[in-house]
Amino acid sequence: EYSLADTIMPSTEPTTSVPPTISIVPSLGPTSSMSPSSSPSISSMPSGSPSSTPSISSEPSSVPSVSPSSQPSVSAMPSLEPSESSMPTSTPSKSPSSKPSAAPSDAPSVSSKPSSVPTTVPSAAPSVSFEPSASPTMSLMPTQSREFLESSTAGDRSGSFGVLFEVTAKRSILIQTFAVKHFGGNGFNFHVFTKSGSIGSSYSDASAWTKLGQASYGTLSSTLNNPVTLPSQNLSPVMLNAGETQSFYIACVGNYFRVHEESAGTVVENSDASIAAGLNKYPYDTLFHSSTQGLGSTKYMFQGKLIYSYGVEPPSASPSDIPSVVPSISTEPTFISKAPSDVPSLSVKPTGAPIDPTAQPTISTAPTVDPYKEATIQISIPSQLVLSGFQMPTSQVKINTVLTLLADTIKARASVKLNSNQRVKSVKILSINGVPFNGSSSRRLQDSALIEYEIILEEICSTSKCDDSQAVANALYQSVTQEMRASIDDGSLTTAIVQSAQASGADADALLSAAVESGDFGEVVTTIIGLLGDFYPDWSGGGYCLNDGNEPDYMKLNPSLWVYSTRSSCCTRYYSYAYNDCMGSDAV
């Protein structure tokens, strides 16, 4: 049923309102909208296939994809520079890159673990260390300077295929090689032999000679390389001590070299060695052919140079008249014999005639007295030195050996200028780098060590009351500290330390490269020990009551229990059963 309605402009046909349909199956394609929605719809179920253009997300997903993309994503706006990782990988890639990098890295990579095998070829240039050593490397065997003894005489010049001569050392030398004068030419093949002592009759006896080595040259110029120095690495060195003679034979196969005819007894020499004229030889089919010249009054002098370095002097056969600066350290100390000798020892200078034994034992009215038991000035010098170039060992035994050796070397150096009334009683190592040393420290020391030590010296008083004790102490202090400073400045203390370490073996090898950089000395502390008494019982030494200041630490810590002001009171307390023996010359 219809009803009329008032309208401004009636429609041409009636409008029929239809409610929207609800689709069970959505359309297969999108509906084209004349006016798209202001905001996109959010689908609860994503599409089954990707869109033709990538969507740009303003809020990326919080969870990564389950599997990687089949191909890399293409960025619409690639980054202007490569990304840098804030945490690079801890391990290198298992295989190298197939291509080298386009540009070298700004700094070389630093390997945390160097390769276990060296490279097959050396580097074209030395590697530059990012952490160079704090101090230069000190060689355990530094290069020695070479010395020369030139053999150039005025005799008639002659050519030789072989020359024999004798070298006598005036001090210890290490003969390293020879420089040989020649006339130039082709095909020089030098052979060098040696034997101990003089040439004698062994000039054709090959078994008497030892070959040192050989060197060959295709061509030698008579001007540019004359004389020619035989490479020392081709020859074994020969050590000669003072007074020793060594014979040498230089032969050349293929060409001849230069010698001079001289009269018997001709020598060339310097302050280190001498070369005596010898024989001329012709090594035809063998190097020790019997053809030899110079067996008469005419001799032949090698022309060229003897090249050597200074050797280490051997110990003397008999004791020296003055004590050593540094005590020698035996690697095999003397053992106390368990039984008497089967036969008596023979004296080098026995008495001219035997002496009949006395009928009765001799009784001394004044037994020998230790001078340092009398009134004595004792001074203590607090000292320190800086020792560099060594690594203190971790073994406690080796640490004790090194520091004991160091103390003994300082003691020997401080004793050099002391007279018979003076002595260095002891040198005590107090601390290393501020750490007290008590003989049982296991802390590993550094390459450079500040060593604090104490020099304790004694001098017998010139008067019974030691009236001039301070003046004597000051003079003793000046004498010892001046000697120590001089030995530090001129390097002799370093030399003494290294020599002692070499003599003591492997336990002291940490000191082989040691060097004393500097030293200092504190104020002297003076004590008059003879007048103060301090007699103590010498349990172990058999000296009864002594006042030499060597009482054990437990007595020093409790002097009221052990130490007495007079010898008499000490002897009464501890040696009443042998009082007179204890009192000695003081017995009444």
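Residues numbered from 1 in each chain as written. Predicted model: local features only at pLDDT ≥ 70, side-chain atom pairs only at ≥ 80, totals over all residues. Heavy atoms only, no water.

## Here we look at the overall build of the protein chain
Note the following rule: Counting from the N terminus, the helices are the DSSP runs of H or I reaching at least four residues and the strands are the DSSP runs of E reaching at least two. Burial here depends on accessible area, computed with a 1.4 Å probe over protein chains only, as a share of the maximum for the residue type. Under 20% is buried, over 50% is exposed, and the range in between is partly exposed. Whether two residues are in contact is decided by their heavy atoms: any pair within 4.5 Å suffices. Areas reported here follow the Shrake-Rupley algorithm with a probe of radius 1.4 Å; residue values treat only the protein chains shown as occluding.
Tallying secondary structure elements over the protein chain gives seven helices and 23 strands in all. Here the protein chain holds 588 residues, and the buried ones make up 31% of them. Taking as baseline every contact in the protein chain between residues at least 6 positions apart, the subset at least 24 positions apart corresponds to 78%. Working note: accessible area of the protein chain is about 40,300 Å², and carbon and sulfur atoms make up 55% of it.

## Observations concerning the environment of Ala273
Looking at where Ala273 falls in the secondary structure, it is placed in strand S12 (residues 273-281). Separated by 101 residues in sequence, Ala273 and Ser172 have C-alpha atoms that sit 9.2 Å apart. Non-local contacts of Ala273, meaning those with residues more than four positions away in its chain, are made with Leu149, Val167, Thr168, Ala169, Lys170, Ile173 and Val268.

## Some details on helix H6 (residues 567-574)
Inclusion rule: The arc in question is the one traced by the directions running from the helix axis out to the C-beta atoms.
Within the sequence span of H6, burial applies to Arg567, Cys570, Cys571 and Tyr574. Down the axis of H6, the sector holding all buried residues measures 95°, keeping them to one side. Turning to H6, the residues buried within the fold contact strand S22 (536-538), strand S23 (544-546), helix H5 (559-562) and helix H7 (579-583).

## Topic: the state of the cysteines
Using the following cut-off: Whenever a pair of cysteine sulfur atoms sits within 2.5 Å, that pair is classed as a disulfide.
A full pass over the atoms with the stated rule returns two disulfides. Residue Cys545 pairs covalently with Cys570 via a disulfide, S to S 2.1 Å. Here Cys545 and Cys570 share a disulfide; its torsion about the S-S bond, -85°, makes the bridge left-handed. Here Cys570 lies in helix H6 and Cys545 lies in strand S23, a separation of 25 residues in the sequence. A single burial state applies to Cys545 and to Cys570, both of which are buried. The disulfide partner of Cys571 is Cys582, and the S-S distance across this bridge is 1.9 Å.

## Here's the deal with the packing of aromatic side chains
Rules: Stacked, edge-to-face and tilted are the three classes for Phe, Tyr and Trp ring pairs, Trp counted by its six-membered ring, which pair at centre distances within 6.5 Å; planes under 30 degrees apart are stacked, over 60 edge-to-face, the rest tilted.
Going through the model one piece at a time under the given rule, you end up with 22 aromatic pairs. Ring geometry for Phe188 versus Phe190: centroids 6.0 Å apart, planes at 15°, classification stacked. Across the pair, exposure class does not vary: Phe188 and Phe190 are buried alike. Judged by centre distance (5.1 Å) and plane angle (85°), the ring pair of Tyr544 and Tyr575 falls under edge-to-face. Taken as a pair, Tyr544 in strand S23 and Tyr575 in the loop between H6 and H7 lie far apart in primary sequence, 31 residues in all. Here Tyr544 falls in the partly exposed class, since its relative accessible area comes to 26%. An aromatic cluster of at least three residues, connected via ring pairs, comprises Trp539, Tyr544, Tyr564, Tyr574, Tyr575 and Tyr577.

## A look at the pattern of salt bridges
As a reminder, the rule being used: When a carboxyl oxygen of Asp or Glu lies within 4 Å of a side-chain nitrogen of Lys or Arg, that pair is called a salt bridge.
Applying the stated rule across the entire model yields five salt bridges. The residue Glu483 makes a salt bridge to Arg413 at a minimum N-O spacing of 3.3 Å. Here Arg413 lies in helix H1 (residues 396-414) and Glu483 lies in helix H2 (residues 469-489), a separation of 70 residues in the sequence. Residue classification places Arg413 among the buried residues on the basis of a relative accessible area of 11%. Of the charged contacts, one joins Arg423 and Glu458 as a salt bridge, the two residues approaching to 2.8 Å between their closest N and O atoms. Placement of Arg423 in strand S17 (residues 422-432) and of Glu458 in strand S19 (residues 449-460) is noted, with a sequence separation of 35 residues between them. Taking relative accessible area as the criterion, Arg423 reaches 26% and is therefore assigned partly exposed. For Glu458, a relative accessible area of 0% puts it in the buried group. One salt-bridge network, held together by shared partners, links Arg413, Lys417 and Glu483.

## Concerning the confidence of the model for the protein chain
To keep things clear, this is the line we draw: Looking at any residue, its pLDDT shows the predictor's confidence there, from 0 to 100.
Chain-level pLDDT for the protein chain is 76 on average; 61% of the residues reach the 70-or-more range. Note that residues 329-336 has pLDDT below 50 and, in this model, six contacts with residues that lie over four places away or in other chains. Here residues 365-369 scores under 50 on pLDDT; set against residues more than four positions off or in separate chains, the count is two contacts.

## Observations concerning the packing of H1 against H2
The test is simple: The angle between two axes is taken between their N-to-C directions and runs from 0 to 180 degrees, where each axis is a line fitted to C-alpha atoms and a helix contributes only its stretch in contact. Residue polarity is assigned by list, with Asp, Glu, Lys and Arg as charged and Ala, Val, Leu, Ile, Met, Phe, Trp, Tyr, Cys and Pro as nonpolar; anything else, Gly included, falls into the polar class.
With their axes 9 Å apart at the nearest point, H1 and H2 run at an angle of 115° to one another. Facing H1, whose interface residues are Ile410, Arg413 and Ala414, H2 presents Val480, Glu483, Met484 and Ser487. Of the residues belonging to the contact of H1 with H2, the class tally is four nonpolar, one polar and two charged.

## Overview of unusual backbone geometry
The phi torsion at Asn433 lies on the positive side, around 55°, for a residue other than glycine. Mapped onto the elements, Asn433 comes out in the loop between S17 and strand S18 (435-436). Relative accessible area serves as the criterion here: at 31%, Asn433 is assigned to the partly exposed category.

## Regarding the environment of Asn419
Which entries qualify depends on this criterion: Any N or O atom pair separated by 3.5 Å or less is treated as a polar contact, with the protein-specific requirement of one donor-capable and one acceptor-capable atom, and with residues adjacent in sequence counted only for side-chain atom pairs.
Among the secondary structure elements, Asn419 is positioned in the loop between H1 and S17. Through-space distance from the C-alpha of Asn419 to that of Glu459 is 9.1 Å; in sequence the pair is 40 residues apart. Side-chain polar atoms of Asn419 contact the backbone nitrogen of Asn421, separated by 2.9 Å.

## Some details on the nonpolar core
What counts, and what does not: As used in this record, nonpolar core signifies buried Ala, Val, Leu, Ile, Met, Phe, Trp, Tyr and Cys residues forming a set joined through side-chain atoms within 4.5 Å.
If you look at the biggest cluster of nonpolar residues, it comprises 42 residues, and the most contacted ones within it are Ile379, Leu387, Tyr453 and Leu457. Of all the secondary-structure elements, those providing two or more residues to this core are strand S16 (376-388), H1, S17, S19, H2, helix H3 (492-504) and strand S20 (515-521). For this core, the leading source of residues is H1, giving eight residues. In this structure Ile379 touches Ile455, Ile456, Leu457, Ala473, Leu476, Tyr477, Val524, Val525 and Thr526, once residues within four positions along its chain are discounted.

## Some remarks on the side chain of Thr409
Within the element layout of this structure, Thr409 appears in helix H1. Among all residues touching Thr409, those that are not within four sequence positions of it are Leu493, Ala496, Ile497 and Ser500.

## Observations concerning the environment of Ile455
Mapped onto the elements of the fold, Ile455 is located in strand S19. The exposure class assigned to Ile455 is buried, which follows from its relative accessible area of 0%. In this structure the C-alpha to C-alpha distance between Ile455 and Val427, which are 28 residues apart in sequence, comes to 4.7 Å.

## So, H3
Heads up, the condition is: Helices are assigned an expected span. That span is 1.5 Å times one less than the residue count.
Taking 1.5 Å of rise per residue, 13 residues should cover 18 Å, and H3 covers 18 Å from first to last C-alpha, within 8% of that figure. Turning to H3, its buried residues are Ser492, Leu493, Thr494, Ala496, Ile497, Val498, Ser500, Ala501 and Ser504. Looking at the buried positions of H3, the neighbouring elements they touch are S16, H1, H2 and S20. Within two residues after H3, Gly505 carries a phi angle of roughly 90°, on the positive side.

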